[in-house]
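Inside the fold
So the chains spell out like this:
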Amino acid sequence: SQTIHQWPATLVQPVGSPLSLECTVEGTSNPNLYWYRQAAGRGLQLLFYSVGIGQISSEVPQNLSASRPQDRQFILSSKKLLLSDSGFYLCAWKGTGNTIYFGEGSWLTVV
Amino acid sequence: AQSVSQHNHHVILSEAASLELGCNYSYGGTVNLFWYVQYPGQHLQLLLKYFSGDPLVKGIKGFEAEFIKSKFSFNLRKPSVQWSDTAEYFCAVTVPGGSQGNLIFGKGTKLSVKP
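Throughout what follows, the structure given in this document is the object of discussion. Since we're looking at a predicted model, the values are computed, not measured. (Residues numbered from 1 in each chain as written. Chains lettered and ligands numbered in written order. Predicted model: local features only at pLDDT ≥ 70, side-chain atom pairs only at ≥ 80, totals over all residues. Heavy atoms only, no water.)

**Describing the overall build of chain B**
Here is the rule we go by: Runs of E in the DSSP output that reach at least two residues are strands. Runs of H or I that reach at least four are helices, and both are numbered from the N terminus. Only C-alpha atoms enter the radius of gyration; for comparison, a globular chain is expected to reach 2.2 Å times N to the power 0.38, where N is the number of residues. Residue burial is assigned from relative accessible area. The probe radius is 1.4 Å, only protein chains are included, and a residue is buried under 20% of its type maximum, exposed over 50%, and partly exposed in between. Areas reported here follow the Shrake-Rupley algorithm with a probe of radius 1.4 Å; residue values treat only the protein chains shown as occluding. We score Asp and Glu as negative and Lys and Arg as positive, and we do not count His or the chain ends. Each charge is placed at NZ for Lys, CZ for Arg, CG for Asp and CD for Glu.
A count of helices and strands for chain B gives 0 helices and 12 strands. Start at the N end of chain B and walk to the C end: the helices and strands fall as β-β-β-β-β-β-β-β-β-β-β-β. For 115 residues, the compact-globule estimate of 2.2 N^0.38 gives 13 Å, and chain B sits close to it at 14 Å. Across its three principal axes, chain B shows a C-alpha extent of roughly 45 × 30 × 20 Å. The buried share of chain B, reckoned over its 115 residues, is 45%. With the model as given, the accessible surface of chain B reaches about 5,500 Å², and the carbon-plus-sulfur share is 52%. Across chain B, the centroid of the 10 positively charged side chains sits 4 Å from that of the 7 negatively charged ones.

**Focus: the interface of chain B and chain A**
Inclusion rule: Contacts are assigned to residue pairs that have any heavy atoms within 4.5 Å of one another. Once two parts are brought into contact, the accessible area they lose, counted with a 1.4 Å probe and summed over both, makes up the buried area. Here a salt bridge means any side-chain nitrogen of Lys or Arg lying within 4 Å of a carboxyl oxygen belonging to Asp or Glu. Pairs of N or O atoms within 3.5 Å make up the polar contacts considered here, provided that, within protein, one atom can donate a hydrogen while the other can accept it, and that residues adjacent in sequence are counted only when both atoms are side-chain atoms. Amino acids are sorted into nonpolar (Ala, Val, Leu, Ile, Met, Phe, Trp, Tyr, Cys and Pro), charged (Asp, Glu, Lys and Arg) and polar (every other residue, Gly among them).
Contacts between the two partners involve 22 residues from chain B and, on the opposite side, 22 residues from chain A. Summed over both partners, the interface of chain B with chain A buries about 1,600 Å², with 55% contributed by carbon and sulfur atoms. Between chain B and chain A we count 0 salt bridges in total. In this structure, the connection of chain B to chain A is made through 3 residue pairs in polar contact (both at pLDDT 80 or more). Breaking the side of chain B that touches chain A down by element, the ones donating at least two residues are strand E5 (32–38), strand E6 (45–50) and strand E10 (87–94) of chain B. Element by element, the count of residues in the side of chain B that touches chain A is highest for E5 of chain B, at 4 residues. Considered class by class, the residues forming the side of chain B that touches chain A number 10 nonpolar, 9 polar and 3 charged.

**Description of the environment of glutamine 45 of chain B**
In this structure, glutamine 45 of chain B sits in strand E6. In this structure, glutamine 45 of chain B is in contact with Trp35, Tyr36, Val37 and Tyr39 of chain B, ignoring residues within four places of it in sequence.

**Looking at the sheet that holds strand E7 (residues 65–70) of chain A**
Residues and elements named next belong to chain A. Rules: Strands pair, by our definition, only if DSSP identifies at least two bridges between them. Interaxial angle, 0 to 180 degrees, is taken between N-to-C directions of lines fitted to C-alpha atoms, where a helix line uses only the stretch in contact.
Spatially, 4 strands are ordered E1-E3-E8-E7 in an open sheet, and the strand pairing comes out antiparallel. Sheet topology places strand E1 (3–7) and E7 at the edges, where each strand pairs with a single neighbour. On average, each strand axis in the sheet is tilted by 20° relative to the strand beside it, whichever way the strands run. As paired strands, E1 and strand E3 (residues 19–26) are joined by 5 bridges and run antiparallel to one another. When the sheet's bridge partners are listed, glutamine 6 is paired in E3 with cysteine 23.

**Examining the state of the cysteines**
Cysteine pairs can be covalently joined through their sulfur atoms, and such a bond is termed a disulfide. All names here are of chain B. Let me state the cut-off plainly: By convention in this document, the label disulfide applies to cysteine sulfur atom pairs within 2.5 Å.
One pass over the structure, following the stated rule, counts 2 disulfides over all chains. Each sulfur of the disulfide joining cysteine 23 and cysteine 91 lies 1.9 Å from the other. In this structure the cystine formed by cysteine 23 and cysteine 91 twists about its S-S bond by roughly -65°; its chirality is therefore left-handed. Separated by 68 residues along the polypeptide, cysteine 23 in the loop between strand E3 (19–21) and strand E4 (24–25) and cysteine 91 in strand E10 bring together distant segments of the chain. Here cysteine 23 matches cysteine 91 in class, with each residue buried.

Written out as structure tokens, the structure reads:
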């Protein structure tokens, strides 16, 4: 069966520091992968999606970037974090029938 | 652009009360509709989904949702809630064949069930 994992689960980083959140999917090949952010009171916002290795589409302009160095690996990064980057980040993949399945999430607090 | 509206930010109910969470979407064509649930400290899980066919969809844990095309709605219901239903609920829509099947989410509704 397919599984998705992301880490770290929680992260406290100072303003201006770099960020790297990693996500891997197992049990499927060439999945569509997504990064969402859930900020308080704002619901879920799609940040990036990827349909294949090296292919990244950004949905909103921001201080973050994404990369897909391998088929089942999706990384969310920042060179310099801002306070406004704090939130709950979710990696996800698309299964059959357009159903999206989510990872456990990563809490990022920028201080 | 498509959007999803969830009418209630926070709903507080007593156990055994009936639940209905509203969800409306803005898109005139065919859509796929979803409800996701996030229990405290857990990841988002799929509760139920509608693609086509019977507009009354049954999901896990006694939840159901009804797709009413004329009202652009997909409300979530449960006849009798339990304390364990305390969670945040997200309605979502995707357009078949749309941009990579990306989900558009509502802002979520927090449900608190008092024992």
